[in-house]
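Take a look at the letters that make up each chain.
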Amino acid sequence: MSTLTYAVHDSMTMLRRNLKHAQRYPAVSLGASMMPIMMLLLFVYAFGDSIGAGMGGGRDAYLEYLTPGVIIMGVAAGSMSTSIAVCTDMTEGIINRFRTMNITRSSFMTGHVIGSVITTMVSMVLVVGVALAIGFRSDANPLEWLAAAGLLAAIAFAVTWLSAALGLISKTVESASNKPLLIQFLPFLGSAFVPADSMSPGLRWFAEYQPFTPMTETLRGLLSGSEIGNDGWISLAWCAGIALVGYVWSRSLFNSTTTR
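Quick caveat: nothing in here was measured; it's all calculated off a predicted structure. (Residues numbered from 1 in each chain as written. Predicted model: local features only at pLDDT ≥ 70, side-chain atom pairs only at ≥ 80, totals over all residues. Heavy atoms only, no water.)

**Side note on the pattern of salt bridges**
Inspection of the entire model under this criterion finds five salt bridges. Note that Asp-197 and Arg-204 form a salt bridge whose closest N and O atoms lie 3.4 Å from each other. Judged by its relative accessible area of 58%, Asp-197 falls in the exposed class. A network of salt bridges, in which partner residues are shared, links Asp-197, Arg-204 and Glu-208. (Salt bridge = Lys/Arg side-chain N within 4 Å of Asp/Glu carboxyl O. Buried < 20%, exposed > 50% of the residue type's maximum accessible area, 1.4 Å probe, protein only.)

**With respect to the environment of Asn-141**
With respect to the helices and strands, Asn-141 occurs in the loop between helix H8 (107–133) and helix H9 (142–169). Here Asn-141 falls in the partly exposed class, since its relative accessible area comes to 35%. Between the C-alpha atom of Asn-141 and that of Ser-224, which follows or precedes it by 83 residues, the distance is 9.3 Å. Separated by 3.1 Å, the side chain of Asn-141 and the backbone nitrogen of Leu-143 make a polar contact. (Helix = DSSP H or I, 4+ residues; strand = E, 2+ residues; numbered from the N terminus. Polar contact = N/O pair within 3.5 Å; in protein donor to acceptor, adjacent residues only side chain to side chain.)

**Describing the nonpolar core**
Within the largest apolar cluster, 55 residues are counted, with the highest numbers of intra-cluster contacts made by Leu-66, Ile-71, Met-109, Ile-155, Phe-193, Phe-212 and Leu-219. Residue assignment for this core shows that the elements contributing at least two residues are helix H3 (34–46), helix H5 (59–77), helix H7 (94–99), H8, H9, helix H13 (212–224) and helix H14 (231–257). Take this core: its biggest share by element is twelve residues, from H9. Look past the residues within four positions of Met-109 in its chain and what remains in contact with it is Val-86, Trp-161, Ala-164, Leu-168, Ser-250 and Phe-254. (Core = buried A, V, L, I, M, F, W, Y, C linked by side-chain atoms within 4.5 Å. Contact = heavy atoms within 4.5 Å.)

**Remarks on a nonpolar patch on the surface**
On the surface, a nonpolar cluster with roughly 520 Å² of combined accessible area is contributed by Leu-189, Leu-203, Trp-205, Phe-206 and Tyr-209. With respect to the secondary-structure elements, Leu-189 resides in the loop between helix H11 (181–185) and helix H12 (201–209). Assessed through its relative accessible area of 35%, Leu-189 is described here as partly exposed. (Patch = residues over 30% accessible without salt bridge, like charges linked within 9 Å, V, L, I, M, F, W, Y side chains within 5 Å. Areas by Shrake-Rupley, 256 points an atom, 1.4 Å probe, with all protein chains shown as cover.)

**Considering the packing of aromatic side chains**
Scanning all chains against the criterion turns up eight aromatic pairs. Plain terms: the ring middles of Phe-43 and Phe-193 are 4.6 Å apart, the flat faces sit at 45 degrees to each other, and that makes the pair tilted. Of this pair, Phe-43 sits in helix H3 while Phe-193 sits in the loop between H11 and H12, and the two are 150 residues apart along the sequence. Across the pair, exposure class does not vary: Phe-43 and Phe-193 are buried alike. Judged by centre distance (5.5 Å) and plane angle (40 degrees), the ring pair of Trp-205 and Tyr-209 falls under tilted. Separated by four residues within a single helix, Trp-205 and Tyr-209 lie in helix H12, roughly one turn from each other. Note on Trp-205: relative accessible area 55%, which makes it exposed. Members of the aromatic cluster, connected to one another through ring pairs, are Phe-43, Phe-47, Phe-185, Phe-188 and Phe-193. Looking at Arg-220, its charged tip hangs above the ring of Tyr-65, at a distance of 3.6 Å from the centre. (Phe/Tyr/Trp six-rings, centres within 6.5 Å; stacked < 30°, edge-to-face > 60°. Lys NZ or Arg CZ within 6 Å of the ring centre and 35° of its normal.)

**Let's talk about helix H6 (residues 79–91)**
Since there are 3.6 residues in each turn of an α-helix, residues three or four apart along the chain are aligned in direction. Spanning 13 residues, H6 covers 19 Å between terminal C-alpha atoms, matching the ideal 18 Å at 1.5 Å per step. For H6, the full list of buried residues reads Ser-79, Thr-82, Ser-83, Val-86, Cys-87, Thr-88 and Asp-89. Two residues or fewer after H6 comes Gly-93, characterised by a positive phi angle close to 100 degrees. (Expected span 1.5 Å × (residues − 1).)

Right, here's the structure in full:
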């Protein structure tokens, strides 16, 4: 077998390991859906009428606007589980067992990342289900739904690699759970909950140029069946850049602490 074949085989083994962990602890693996669901219900039913009126619509109009932003926030929140899982493996001794085994070094991180992307996507299905149950309706065709799913997978892949690196630099599980908080709440400072145009000048500038705003606008355009303009390419560029930084950083950290 070639080196690539061994790497793929070992990565699939690590992926199965992480998916089994997710099955055994569903509260942790699906926890990424809880916060966006609660935020969706809170903002729609507590603030939907007032915010929707300020945006020139009502609660239903605000639900249409809010849902894509909450989904993006949920994808970002899913990165916390990766940071915790990586830190747990690094601090509880299992990595020492892997060092003695004839496995590809990169498979450990690859299994964590791909497993987290899968569980995050399942969690977002729950979020979309709740949104549909309370009245969200989409004008997207099947191709646009497929593109939306691909965008969410790309975002999850990017932020998960970054979260994996944060887990590697964490000394305790507690610190590993805190470090991804900025990733999770960055959508709040974008156009997830209110349009960037309604913000103060300084915050508006930040919102317009941070990565989650074009991602949110792209998903909003896909789900509404409207034009997305350049936001789609900008979002993919951000995803590629974040994934590259996270991959290089995590690989450097992991290689400095383990040997083949």
